[in-house]
Amino acid sequence: WVLQPDLFFSASMDRSSITVGWWSTIRLGSADPADLTDAGLGQAWFGQNDLWVEVAGRSEVVDFTAGVTRYLFADGAFGQTADAVNTTEIYATSRVSLGSLIPRVAVWVDVSRVRGAYFETSLDLRVPVLPSYDPVVAAYVSTLAGWSVGQEVNRQDPDEAAYFQDSGLTHLDFGLDVSVGRERRYVSVELHVLAAQDGGARSGSGPSAGASWWLGVGFSDSLLIGALW
């Protein structure tokens, strides 16, 4: 079990915005030697801290974002020193709202540790569960595919850092998210099933490592400060 706090500040200007934020993962128990953990073996508490800044824009049906994230890990994360795994990525995403159907494409480029790109293509189906909008109750069905382009093992230099074993499809993710909210407060429950294609996306070793699932329960709240000018 882990906690994943997320805190950010966003300033909006007509159809654009700029956001700065912090995201972290907090392990609630010490890691087992067989676990793939960002907190280090035998460690609990903070494992990963992400600092990010993002600009976003929107039109009638198309949203886009671009930003940079700095990833900071605990010493011993994934069996390595923090200096060996800390890195920086630039990213961009775009999605189209077609009623309840929302296709999305995103790309992350590691500019510090692994030279290459990781892509995601996804499709969300958002369905209101209740006809009333007070409170809002909605279900989200999602399918996602991850792709490696240049982040795989370098066959000419196997010692070079890599995130995946091969190029191409890394994994498929199938999700169901139910969200309940009123005004700016929301509670969500997520269930995801992941089918790993690449060894770098597997949860461990053994015949069942290619399939895994996770359950998440989230609560979000926001404070509207008002106009900045």
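All values reported here derive from a predicted model rather than from experimental measurement.

Visitor: Explanation requested: the overall build of the chain in the structure shown.
Guide: Check the secondary structure of the chain and you find 1 helix and 12 strands. By residue count, 31% of the 229 residues in the chain fall in the buried class. When contacts within the chain are restricted to residue pairs at least 6 apart in sequence, those whose partners lie at least 24 apart make up 45%. Here the chain displays about 14100 Å² of accessible surface, and carbon together with sulfur accounts for 61% of that area.

Visitor: Hey, could you run me through the environment of Gln 197 in this one?
Guide: Residue position: Gln 197 is located in the loop between β11 (185-196) and β12 (211-220). In this structure Gln 197 comes out as exposed when scored by relative accessible area, which is 54%. With 26 residues separating them in the primary sequence, Gln 197 and His 171 have C-alpha atoms 4.9 Å apart. Ignoring sequence-local partners within four residues, the contact set of Gln 197 consists of Leu 169, Thr 170, His 171 and Arg 202.

Visitor: When you look at the pattern of salt bridges in this model, what are you seeing that I'm missing?
Guide: Once the charged atoms of two side chains with opposite charge are near each other, the side chains can pair. Counted by the stated rule, this structure contains 6 salt bridges. In this structure, Asp 166 engages Arg 155 in a salt bridge whose closest nitrogen and oxygen atoms are separated by 2.5 Å. Here Arg 155 lies in the loop between β9 (136-149) and β10 (168-182) and Asp 166 lies in the loop between β9 and β10, a separation of 11 residues in the sequence. According to the relative accessible area criterion, Asp 166 is partly exposed, its value standing at 37%. Classification of Arg 155 by relative accessible area gives exposed; the value is 54%.

Visitor: So what exactly am I meant to see when it comes to the environment of Val 189 here?
Guide: Looking at the secondary structure, you find Val 189 in strand β11. Accessibility expressed as a relative area gives 39% for Val 189, which makes it partly exposed. Spatially, the C-alpha atoms of Val 189 and Asp 177 are 5.7 Å apart, while their sequence positions differ by 12 residues.

Visitor: What should I look at first to understand the side chain of Ser 17 in this one?
Guide: Looking at the element boundaries, Ser 17 is found in strand β3 (residues 16-27). Classification of Ser 17 by relative accessible area gives buried; the value is 9%. The residues contacting Ser 17, other than those within four sequence positions of it, are Ser 10, Ala 11, Ser 12, Glu 54, Val 55, Ala 56 and Arg 58.

Visitor: Where do I start with the packing of aromatic side chains in this structure?
Guide: Pairs of aromatic rings are described using the distance from one ring centre to the other and the angle between the two planes. For the coordinates displayed, the defined rule picks out 3 aromatic pairs. Each ring, one from Trp 108 and one from Tyr 118, has its centre 5.8 Å from the other, and the planes form 35°; the classification is tilted. In this pair, Trp 108 sits in strand β7 (residues 101-110) while Tyr 118 sits in strand β8 (residues 116-128), placing the two residues 10 residues apart along the sequence. A relative accessible area of 12% places Tyr 118 in the buried class. Between Tyr 118 and Phe 164 the ring centres are 5.9 Å apart and the planes differ by 20°, which places this aromatic pair in the stacked class. Here Tyr 118 is found in strand β8, whereas its partner Phe 164 is found in the loop between β9 and β10, with 46 residues between them in sequence. Considered together, Tyr 118 and Phe 164 belong to a single accessibility category, that of buried residues. Here the aromatic residues Trp 108, Tyr 118 and Phe 164 are joined through ring pairs into a cluster of three or more.

Visitor: Please clarify how the nonpolar core should be interpreted in this entry.
Guide: Core analysis: the largest hydrophobic core is formed by 9 residues, namely Trp 52, Tyr 71, Phe 73, Val 85, Tyr 91, Ala 106, Trp 108, Tyr 118 and Phe 164. When contributions to this core are tallied by element, the ones reaching two or more residues are β5 (62-73) and β7.

Visitor: How should the environment of His 171 be read in this particular structure?
Guide: Residue placement: His 171 occurs in strand β10. A relative accessible area of 11% places His 171 in the buried class. The spacing of His 171 and Glu 120 is 51 residues in sequence and 9.8 Å in space, taken between C-alpha atoms. Beyond its immediate chain neighbours, meaning those up to four positions away, His 171 contacts Tyr 118, Leu 144, Ala 145, Gly 146, Leu 194, Ala 195, Ala 196, Gln 197 and Ala 201. At a separation of 2.9 Å, a polar atom in the side chain of His 171 contacts the side chain of Thr 170.

Parameters and conventions
Residues numbered from 1 in each chain as written. Predicted model: local features only at pLDDT ≥ 70, side-chain atom pairs only at ≥ 80, totals over all residues. Heavy atoms only, no water. Helix = DSSP H or I, 4+ residues; strand = E, 2+ residues; numbered from the N terminus. Buried < 20%, exposed > 50% of the residue type's maximum accessible area, 1.4 Å probe, protein only. Contact = heavy atoms within 4.5 Å. Areas by Shrake-Rupley, 256 points an atom, 1.4 Å probe, with all protein chains shown as cover. Salt bridge = Lys/Arg side-chain N within 4 Å of Asp/Glu carboxyl O. Phe/Tyr/Trp six-rings, centres within 6.5 Å; stacked < 30°, edge-to-face > 60°. Core = buried A, V, L, I, M, F, W, Y, C linked by side-chain atoms within 4.5 Å. Polar contact = N/O pair within 3.5 Å; in protein donor to acceptor, adjacent residues only side chain to side chain.

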